[in-house]
Amino acid sequence: MREGAHPGQNTAYPAQETSCEARQAGKTSSATRPRRDERKSTTREPIIQEPDAFEPEATRRDADVTESSRANRGWWDRNADEYQVEHGTFLGDDRFVWCPEGLDEVEAELLGPAEDLKGRDVLEIGGGAAQCSRWLAAQGARPVALDLSHRQLQHALRIGGSFPLVCADAGALPFADASFDLACSAYGALPFVADPRLVLREVRRVLRPGGRFVFSVTHPVRWAFPDEPGPEGLSVASSYFDRTPYVEQDEDGRAVYVEHHRTLGDRVRDIASSGFRLVDLVEPEWPAWNTSEWGGWSPLRGNLIPGTAIFVCERD
């Protein structure tokens, strides 16, 4: 398993509307995927679905845009319940956490000072249970939470909120040009799409001039290391320059989870070629207060090698 993305009460889902038109998710980064042997019970127990009956085969092979989207939509629909139980307490219901290191938008202000968010139209891409959008709404912003997975958005309905939820692919955003002032994505979409420029160009299209897009992904250097939180995760095991996707597939060879690797240079070039200006690149350090492990993220590794890269981009 590779390193990848992020990121209640047991009640019936409220009868709200979920627009199913166009989010992304999935290299099973430990940040995104719950490890079955580490699942914790919490008071937020939304589990309804049974886990996969088979153990997929992990491999490295090509996976195009269509296969990646199909596989990851299915994976997140099947695993959303377990993911929210495993990581829901860390993410909170209405916090804006950028990464497993625990960097919070309250302190980071990567979208700008909280007082400046009031009245702003904000698109959250790969919103999951929409924790970030809920925080944005509390600041007076007008968020829209978009996700590829219908099941993830059902968890957003379960927790509640008065902002729109949209089930859609981040590479084909169902919004008019210049609809938003800001866009954000905390481990959503970008690690899981075969061509991230499709997402970046769509985000630029729906942003107004001067708009900002901030997204976090697994730090590219982590692809050279095993996805393990202990000492075994500190030795280089593969080439950083090997861009072959990480794929989990079923017994018939069909992909059921896909994650794509881009080097740091690739990310910068993708941003520039999509019409954005890179304003900042944040590599969060592991804080002393965070003693938890999240898949391959741990205090041991976090104090030695970066685990997350956050790109702050602006549309001129």
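Before reading on, note that the structure itself is shown above.
These figures come from a predicted structure and were not determined experimentally.

Novice: So what's going on with the sheet that holds strand β8 (residues 246-249)? Which residues, and what values?
Specialist: With antiparallel pairing, the three strands of this open sheet are ordered in space as β2-β8-β9. Each edge of the open sheet carries a strand with a single partner, namely β2 (57-60) and β9 (255-259). Neighbour to neighbour, the strand axes of the sheet diverge by 20 degrees on average, direction disregarded. Strand direction decides the pairing type here: β8 and β9, joined by four bridges, are antiparallel. Bridging from a neighbouring strand, valine 247 pairs with valine 258 of β9.

Novice: Describe the pattern of salt bridges, and please don't skip the residues or the numbers.
Specialist: Opposite charge on two side chains permits them to pair, given that their charged atoms come into close proximity. Going through the model one piece at a time under the given rule, you end up with 18 salt bridges. Between arginine 208 and aspartate 121 there is a salt bridge, and its shortest N-O distance comes to 3.0 Å. Of the two residues, arginine 208 is situated in strand β7 (residues 207-218) and aspartate 121 in strand β3 (residues 121-125); the sequence distance between them amounts to 87 residues. For arginine 208, a relative accessible area of 26% corresponds to the partly exposed category. The closest approach of N and O atoms between aspartate 266 and arginine 243, which form a salt bridge, is 2.7 Å. Highlighted residues: aspartate 266 in helix α6 (residues 264-273) and arginine 243 in the loop between β7 and β8, separated in sequence by 23 residues. You can call aspartate 266 buried: its relative accessible area is 8%.

Novice: Tell me about the environment of glutamate 124, and name the residues and values.
Specialist: Mapped onto the elements, glutamate 124 comes out in strand β3. With residues up to four places along the chain from it excluded, the contact list for glutamate 124 reads Ala130, Cys132, Ser133, Val144, Ala145, Leu146 and Cys184. Looking at glutamate 124, its side chain comes within polar contact range of the side chain of serine 133, at 2.6 Å.

Novice: Summarise the packing of aromatic side chains; cite the residues concerned and give the values.
Specialist: Under the definition given, this model contains 15 aromatic pairs. Their ring planes at 65 degrees and their centres at 5.2 Å tell us that tryptophan 75 and tyrosine 257 sit as a pair that is edge-to-face. Pair noted here: tryptophan 75 is in helix α1 (residues 65-91) and tyrosine 257 is in strand β9, with a separation of 182 residues, a long-range link. Here the two residues tryptophan 75 and tyrosine 257 agree in accessibility, since each one is buried.

Novice: Describe the packing of α1 against helix α4 (residues 150-159), and please don't skip the residues or the numbers.
Specialist: To describe two helices that pack against each other, one gives the angle between their axes and the distance between the axes. At a minimum axis distance of 7 Å, the contact between α1 and α4 shows a crossing angle of 40 degrees. Residues Trp76, Asp77, Ala80, Asp81, Tyr83 and Gln84 of α1 lie in contact with α4, whose contacting residues are His150, Arg151, Gln152, His155 and Arg158.

Novice: Please give an account of the pairing of strand β6 (residues 180-186) that cites residues and values.
Specialist: Within β6, seven of the seven residues are buried, which leaves the element mostly enclosed by the surrounding structure. Examined bridge by bridge, β6 and β7 share six bridges and lie parallel to one another. Across the sheet, cysteine 184 pairs through a bridge with valine 214, a residue of β7. For the crossover from β6 across helix α5 (residues 196-206) to β7, the handedness is right-handed.

What counts, and at which threshold
- Residues numbered from 1 in each chain as written.
- Predicted model: local features only at pLDDT ≥ 70, side-chain atom pairs only at ≥ 80, totals over all residues.
- Heavy atoms only, no water.
- Pairing = 2+ DSSP bridges.
- Helix = DSSP H or I, 4+ residues; strand = E, 2+ residues; numbered from the N terminus.
- Axes fitted to C-alpha atoms, helices over the stretch in contact; angles between N-to-C directions.
- Salt bridge = Lys/Arg side-chain N within 4 Å of Asp/Glu carboxyl O.
- Buried < 20%, exposed > 50% of the residue type's maximum accessible area, 1.4 Å probe, protein only.
- Contact = heavy atoms within 4.5 Å.
- Polar contact = N/O pair within 3.5 Å; in protein donor to acceptor, adjacent residues only side chain to side chain.
- Phe/Tyr/Trp six-rings, centres within 6.5 Å; stacked < 30°, edge-to-face > 60°.
- Right-handed = clockwise from strand over helix to strand, strands pointing away.

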